[in-house]
Amino acid sequence: MDSVKKILFENRIWKSVFRHKWPDNPRLRSEAISQNVFLHVRPVKVYQDTLKFTKTLGMGLISLYLFIILTITGILLMFVYIPHVERAYQDMKDLEFAVSFGLVMRNMHRWGAHAMIIAVFLHMCRVFYCAAYREPREFNWCIGVVLFVLTLFLSLTGYLLPWDQLAYWAITIVANLMAEAPLIGEKFKYIALGGTAVGQNALIRFYVMHCVVLPLGATLLLLVHFWRIRKDGGLARPAEIPEANKTVSNEQEEKENDVKSYGLMNLVHGKTPFVGVDPDGMVTTWPHLLIREMNLFIVVTIFIMAMSVLFNAPLEELANPAVTPNPAKAPWYFDGLQELLAWGHPFWGGIFVPTVYVLYLILIPYADRSSIGTGVWFHRSRRIAIIVFTVISLFMIGLIIVGAFMRGPNWAFYWPWEKWPTTH
Amino acid sequence: MVMIRIFAALSVLFLLVFAWQIQADHNRSWTEYQEEFKKIQLKATSDQYESLLVKKTEIKDKGELEKVDKELNRLKIKLSDIGSRAIKIDQNWLRDFGEADRCVTCHQGAEIPGFEGKPHPYKSHSGDYLKHHPLEKFGCVVCHDGQAGGLTVRAAHGEEEHWLKPVLKGGLAQSSCGKCHFMDQRLPLDIVMRGGGQFVKGWKLYMENNCLGCHKLSGYERPRRIGPVLTHVGNKVNREWLMKWIKDPKDYLQKTKMPKFSLKDDEVNQVASYMLSLSKEKRINEPASTEKLDNPSAIKSGETLVKKFGCLGCHTVKGKGGTFGPDLSGIGAKTTPAWLFSWLKDPKAHQPDSPMPNLRIPAAEIQVIVAYLNTLSKGKDTAVNIQPVSTGDIEKGRKLVKEKGCTGCHEIEKNPLGFNAPEHDGIGSKRVDQLVWSNVKDGDKTLSRWLQIKVTEPRKFATDKIITRMPEFGFREEDARALSTFLMSLGKESPPRNYAKRLFDPEQVDIKGKKLLESRNCLGCHKLGKKGGDIAPDLTEEGKKVRPEWLFGFLNAPGRIRPMQDARMPYFRLSKDEADTAVRYLFHIVREPYPYDYRPKRKTHGENIEKGNKLYHKELACLGCHSFEGKGGAVGPEHTDMASRLKQEWVERWLKDPQAIQPDVRMPRFKFKGNDLEALSDYIATMGKERFLKVE
C-alpha cells in the first residue's frame, strides 16, 4: 500500500505539479492556498464565524458557480450554433434532436441563466440586509450593481439567439423600450440592432455581445470584485474587538501578519482591526472554506443538471416578423418594466424607473454613514433603510409577477389560473 | 469531519445525476425502431435465402443453378450488410428546400419494397410515388409536412405546440401535389391524376361549384357564371316556386349546385320581390295554339318524343336520365308552357351561355313535348309565406342579392361581379393558431378540419361579431375532405425553381378534346370507350371511320344520317376552333394521322367500278335498306353522301365483317369472292359528290 502511494505521489512528475505534500499541517495548508493561482485569491485563514451558511446563504458563490456553468455550457453550444437567421432556429432543433447532449446543454444554459439572475439579486439583498456594503466596501457594492446589470444584459442578449417567436418579439419589445430614452434612445436602438428592426444584424450583434463582450466584461469585474473582497478583509463582520485593539499601528500589524498571514495582508493599509486580534477565531482556508465551497458548487451543479433533465428550455416556432404574438412579452426580468409601460408614458416605465432604481442602488453605500450593525442581518438601527429597500424590491418583484403571469392578450389582466380567450 | 461526509455524499449524488443525464440523453426512441426494422429485414432476407435453398435442390439445369447460386451469394452478402449496419440517424439533406429530412431514421422501410404489409414505421411507401419523387430529392417533408428534423414521434410528426405544420396523413398529403402541379382551370373536370385522386376531386368540386364566383385565386380567371341569367326570371317562374327555390334549392332539385343561403322568410320574400320586379318586358314566343296541352294523346306522344330525342342524355325525368342538365321531374310546377315552348325553340335566345343546344325540333313537336313536360310536377313541402310586395322590399331584396353574392353565379340586371368572399391565395398556409373556431370547442384543431367544417357547415363559425355569408352547398364528408385537400394546396410558399411542373397541358389535343366533350356533355348520348350513353352512335372509332372535313362540317351543321334513329344530333353552335378540336381529338384517341392524307390510296379501273355498281345495285341490293338520293330503304344510314363521309379503308373493313365492329348491327355479313369487296368499295368511293379515287 505504502509503496503504491510512493510510486503514485512521490514521483518526479507529481512533484513537479504539486510542490508540497498533502497539506496536513498549518504551514502546508497556508502554502496550498498562497502558492496556487486559483486559490490565492482567498486568504489563507478565515474567521470561523464567516463560514456559517446563514451568514451569506452562499448567494455570491452560487452566482459565481452559475457563471462558470454558463461559460462551460455556452462554449459547448457555440460549437453547434450559427448566428444566422436561416440557420439559428434549425440549430436549436438540431441541438434538441441530433446533437448528443445538445438538449441538456441548452437546458442547463437556459436554466442557469435564469437562476443566475435570481442568485445575483438575492446576493445583493443579502449584502444590503447585512449592511456589508459599508466602508471600505462601497465601491465593491457598486461593482456588484454593475455586475447585476451585466447579468441582465447577458441573459437578454442570449434570449435572442434561438431565433424563435419568443426571442424575436421579446427583443423587439426591449428594443422599443430602450428607444424611449430621451435624445439617445432611438440611436441606441439603432446601434444595438444594427437597423430599425430585429434582423440578421441584430442577431450577430447580440451574439458577439453575448459570447465575447459581456462575458469578458463580467469576468474582469468579477476579478476586481473578488480582489476587493480579499483586500477589504473578507466578509464584513460585526465589530466585536475590544476598543483598545481597534486601531493597530502598521508596525504592529506587520509583525503580527508575518506570523499569521505570511505577508500577504501587509499590502492592506489602513484599518485592519480583524486580523490577528483573536487568533482562535480563525481557521485555515484549506480545508475549512474550500470544502464548503466545493460542496456548494456540487449542489448548484446537481440542481442545474436535474433541472435540465426535468424541464426543457422553451422553443416556439421560427421567428416571424409578420405574426405578432398576443401578448408579446419581454424576458421575464423585464416584464416589470413592460408592465409599467401599460401605466402611462413609456418613458416612465422604460427609462425613468430603471435608471432611478440603479442610481438608488449605487447611492446606498454613500448615503449610509452609520457603522452600527455591519455584518448583522436586519440590524434594528437600520429599520427604515431596510423597510425602504424591501418595499422597493417587493414592488419590482410584484411588477414582474404581474407582467409575467397575469397579463393576457392585449395586456389585459388575468389570474394565472384563468384561461385566456382565443384571440381574433 | 462532517463536511467531508457531506462532500462524499454529494459526490455520489452528483454521479447519480450525471448518470441520469446520460441516460436521458441516450434514451432515444428512434433507436428502438431501427433495431426492430433490422430484425424485420433480417428475417425477410433470411426467409428468402432459405426458400431459395429449398428451391435449389429441385433444379437440374446448369445455367439455372449458376443463377441461383449467384442470387444466394447476393443474399448472403445482403444479410451480413444488414447485420453489421450501425444504428444511427439517417437523413436526406434536401438541398433545394434547405431541410434535413430525418424521417427515414424511423421509417426505414419507406424506400424498400416488400414491407407493404408491415405496420408503421417499417412499412414500404404506398403506390409508386417514390419512383417519381425520389427520397433523396424530395424527402418526406415536402409532401407530408411535419417536422423533418424531429426524432421523437410527436416532434417528427409536428404534433406539438409551436409547430404549425402537423403531418399530413392519408389522402391529405395529396394537398402537396398542388404545390408543384398546378391544375389549370381549362382542364376537363374528370381528369385523372394517378395517386392524386383526392386532390383532383377537391379541385373538381371547387371548379364545379364555382367557388371562383366569390373567391379570388391567382392563376385562375373568373369563370363564366354557372347559373342562369336571372334578369328575366319573372317570365319563367312563378312567385311561389321562386320563393321555395330560394329558401331551399335542394328541395326542388336534389342535385343542384345552387347552395342554400338559409335566408329568413321575409328575406326570401324580399329577394323574390326584387327579382320578379326586374322582368317587365315579355320575351317569350307563344306557341301557335294551346289546345294540345290537355290532350292525353299529345301528352303521351310528348313523352315518347322526350325519350326519342335524347333529352334524357342530359336531363332526368322520373328518376331516369343524365344529370348534366336539371332534373325535369318538377318542371311543370316551375314554369309555364309558353316559356317552355319558347325555350325549346331557341335556348340561346334566353340564355346565351346555356349549354342547352338547339335541337331543331319542329314547332308541332315542341308543342307536344311541352304538353308532356307541363304534366311533370312533383309535390314539394317547403312552406313559404308569400307577403304583399312593397317598394321597400324590392330595395332590400336588391341589397341582399348583392350582399349574398348571388351575382357570383348569376347575371342579374347588370350587377357588376363582386368578389364577396375572402381570397383563397395562401389559404393553405393559414396558421392554425389564427383560425377562429367560435362555437366549435372539441376535436382536433387542424387547418384541414377547420376547412371541412367551413365548407359543410359554414354557420358553425358565425357568432354575433363574425358574419358568415358562405352558403351551404350540402357537401358530404368525403367531398369536404377532398375540398380541404385542394384548399390546403393553395399555400403561400412556392416550390423551388425547377420543381413546379404542370402535369396536364390544357392546349394538348387529348386534354382539350376531353374538356370540349365534357362541356357539351357529348357522352350523355354517345359512347366513347367504355363511358357514355347509348342514345347516339358510339364514337370510339369515329376517327378511323370518317373523313375529317366531313366531321368538321357535320359538327357545324349537323344533318340526319340514320333515318331510323329519332335522337338527333343537336346544333351546339361550336366555334370553328371547337369543331376542329373535336375532330382532332376523335382522331387522336384512335391514333389516326391528322391532318388526313387526301391523296387517293390506290388506283382502280373502270371495269372495277362497273363490277361494283352491279354488286351494289343488283347482287347485294344495298338500296333495299339504304337510300341514295331519295331512293331506297330507310333501315340503314343514308348513302347519298357516304363517299365523302367515310374513309375507304373503313368501308372495306365494315363490309368484310360489320359485326366485328358493331356486334348488334343488322347489316348482313356478305361473302365476297375474288376482288368483289375491292370493286364494291371502289364503286362506293365514286358515289359521293366528290371522288376520292383515281380511275384509269
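This section reports on the structure supplied with the text. For every chain, the first residue of its written sequence is number 1, and the numbers climb from 1 along that sequence. A letter from A marks each chain and a number from 1 marks each ligand, given out in the order of writing. Two thresholds apply to this predicted model, a pLDDT of at least 70 for residue-level local features and 80 or more for giving and counting side-chain atom pairs, whereas whole-chain, interface and lining totals are computed over all residues. Neither water nor hydrogens contribute to the side-chain values; these are computed over all heavy atoms in the structure.

## Observations regarding the overall build of chain B
Only runs of H or I of at least four residues qualify as helices and only runs of E of at least two qualify as strands under DSSP, and these elements are numbered from the N terminus. Within chain B, the secondary structure is distributed over 30 helices and 10 strands. We take the radius of gyration over the C-alpha atoms and set the globule estimate at 2.2 Å times the residue count to the 0.38 power. In summary, chain B has a C-alpha radius of gyration of 35 Å against a globular reference of 26 Å for 696 residues, an excess of more than 25%. Overall, the C-alpha framework of chain B stretches about 130 × 90 × 40 Å when taken along its three principal axes. Out of the 696 residues in chain B, the part that is buried amounts to 45%. What makes two residues a contact is simply this: any of their non-hydrogen atoms within 4.5 Å. Expressed as a percentage of contacts within chain B between residues at least 6 apart in sequence, the contacts between residues at least 24 apart total 65%. Every accessible area reported is derived by Shrake-Rupley at a probe size of 1.4 Å, with residue values counting cover from the shown protein chains alone. Total accessible area computed for chain B in this model is approximately 37,400 Å², and 54% of it derives from carbon and sulfur atoms. Charged residues are defined narrowly, with Lys and Arg counted positive, Asp and Glu counted negative, and His plus the chain ends left uncounted. For charged residues, the charge sits on one atom: NZ in Lys, CZ in Arg, CG in Asp, CD in Glu. Averaged over its 116 positive side-chain charges, chain B has a centre that lies 1 Å from the centre of its 92 negative ones. Each residue gets one of three labels from its accessible area relative to the maximum for its type: buried under 20%, exposed over 50%, partly exposed in between, using a 1.4 Å probe on protein chains only.

## Quick look at the side chain of A:His225
Structurally, A:His225 is set in helix 11 (residues 200-231). In this structure A:His225 touches A:His123, A:Asn140, A:Ile143, A:Gly144 and A:Leu147, once residues within four positions along its chain are discounted.

## Some words on the packing of aromatic side chains
Residues and elements named next belong to chain A. Aromatic pairs are defined between Phe, Tyr and Trp rings, using the six-membered ring for Trp, whenever the two ring centres lie within 6.5 Å; interplanar angles under 30 degrees are classed as stacked, those over 60 as edge-to-face, and all others as tilted. If you walk through the whole model with that rule in mind, you get 45 aromatic pairs over all chains. Aromatic pair tyrosine 81 and tyrosine 207: ring centres 5.7 Å apart, planes at 35°, arrangement tilted. Of the two residues, tyrosine 81 is situated in the loop between helix 5 (59-78) and helix 6 (88-97) and tyrosine 207 in helix 11; the sequence distance between them amounts to 126 residues. Classification of tyrosine 207 by relative accessible area gives buried; the value is 13%.

## With respect to the packing of helix 26 (residues 606-619) of chain B against helix 30 (residues 676-685) of chain B
All names here are of chain B. Contact geometry of helix 26 with helix 30 gives a least axis separation of 7 Å together with a crossing angle of 90°. Judged by the inter-axis angle, helix 26 sits roughly perpendicular to helix 30. For the pair helix 26 and helix 30, contact is made by Asn608, Ile609, Lys611, Gly612, Asn613, Leu615, Tyr616 and His617 and by Asp676, Glu678, Ala679, Leu680, Asp682, Tyr683 and Ile684, respectively. Note on residue categories: nonpolar means Ala, Val, Leu, Ile, Met, Phe, Trp, Tyr, Cys or Pro, charged means Asp, Glu, Lys or Arg, and polar means any other residue, Gly included. For the contact of helix 26 with helix 30, the per-class residue count stands at 7 nonpolar, 4 polar and 4 charged. Lines are fitted to the C-alpha atoms to define the axes, a helix being fitted only along its stretch in contact, and any angle between axes, read from their N-to-C directions, falls within 0 to 180 degrees. Each angle receives one of four descriptions, namely roughly parallel if under 35 degrees, roughly antiparallel if over 145, roughly perpendicular if within 65 to 115, and oblique otherwise.

## A closer look at the interface of chain B and chain A
Residue-level contacts link 33 residues of chain B with 32 residues of chain A. Once two parts are put together, the accessible area they lose, assessed with a 1.4 Å probe and summed over both, is termed the buried area. In total, about 2,800 Å² of surface goes out of reach between chain B and chain A, with carbon and sulfur atoms giving 67% of it. A salt bridge links A:Asp94 to B:Arg102, with the shortest nitrogen-to-oxygen separation between them at 2.8 Å. Polar contacts, as used here, are pairs of N or O atoms within 3.5 Å; protein pairs need one atom able to donate a hydrogen and one able to accept it. Residues neighboring in sequence count only if both atoms are side-chain atoms. Summed over the shared surface of chain B and chain A, the number is 8 residue pairs in polar contact (both at pLDDT 80 or more). Broken down by element, the residue count for the side of chain B that touches chain A peaks at 15 residues, all from helix 1 (residues 2-26) of chain B. Per-class residue counts for the side of chain B that touches chain A are 19 nonpolar, 8 polar and 6 charged. Each reported salt bridge corresponds to a side-chain nitrogen of Lys or Arg within 4 Å of a carboxyl oxygen of Asp or Glu.

## Comments concerning the pattern of salt bridges
Evaluation of the coordinates by the stated rule reveals 41 salt bridges over all chains. The salt bridge involving A:Asp49 is made with A:Arg237; its shortest N-O contact spans 3.2 Å. In this pair, A:Asp49 sits in the loop between strand 1 (45-47) and helix 4 (53-56) while A:Arg237 sits in the loop between helix 11 and helix 12 (250-260), placing the two residues 188 residues apart along the sequence. By relative accessible area, A:Asp49 is classed as partly exposed at 31%. Its salt-bridge partner being B:Arg669, residue B:Asp657 comes within 3.9 Å of it at the nearest N-O pair. Highlighted residues: B:Asp657 in the loop between helix 28 (648-656) and helix 29 (658-661) and B:Arg669 in the loop between helix 29 and helix 30, separated in sequence by 12 residues. By relative accessible area, B:Asp657 is classed as partly exposed at 24%.

## Examining unusual backbone geometry
Cis geometry marks the peptide bond from A:Glu135 to A:Pro136; its omega dihedral reads 5°. Locating A:Pro136 in the fold gives a position in the loop between helix 7 (102-129) and helix 8 (138-160). Here the bond from A:Trp286 into A:Pro287 is cis, since omega is 5°, no more than 30 degrees from zero. Mapped onto the fold, A:Pro287 is located in helix 13 (residues 285-310). The phi dihedral of B:Arg573 is positive, around 50°, even though this residue is not glycine. Relative to the assigned elements, B:Arg573 resides in the loop between helix 24 (548-556) and helix 25 (576-589). The partly exposed category is assigned to B:Arg573, whose relative accessible area is 43%.

## Points about the environment of A:Met282
All names here are of chain A. Mapped onto the fold, methionine 282 is located in strand 2 (residues 282-284). Here methionine 282 falls in the buried class, since its relative accessible area comes to 15%. Linking methionine 282 and phenylalanine 128, residues 154 residues apart in sequence, is a C-alpha distance of 25 Å. Methionine 282 has contacts with Lys45, Val46, Tyr47 and Gln48, leaving out every residue within four places of it along the chain.

## Here's the deal with the state of the cysteines
Working definition of a disulfide: a covalent bond connecting the sulfur atoms of two cysteines. Whenever a pair of cysteine sulfur atoms sits within 2.5 Å, that pair is classed as a disulfide. Counted according to the given criterion, the structure contains 0 disulfides over all chains. The thiol sulfur of B:Cys622 is not disulfide-bonded, and the nearest other cysteine sulfur, from B:Cys625, lies at 8.6 Å.

## Quick notes on the side chain of B:Lys348
All names here are of chain B. Within the secondary structure, lysine 348 sits in helix 17 (residues 347-350). One buried charged residue, lysine 348, forms no salt bridge at all, with the nearest opposite charge on aspartate 346 at 7.5 Å. In this structure the side chain of lysine 348 is engaged in a polar contact, spanning 2.7 Å, whose partner is the backbone oxygen of serine 354. Within the structure, the side chain of lysine 348 is placed 3.4 Å from the backbone oxygen of methionine 356, a separation counted as a polar contact.

## Here we look at the environment of A:Gly58
Residue and element names in this part refer to chain A. Tracing the sequence through the fold places glycine 58 in the loop between helix 4 and helix 5. Taking the C-alpha atoms as reference points, glycine 58 and alanine 119, separated by 61 residues in sequence, lie 9.2 Å from one another. Those residues within four positions of glycine 58 in sequence are excluded, and the remaining contacts are Phe53 and Leu296.

No statement about biological role is implied by the geometric values presented.
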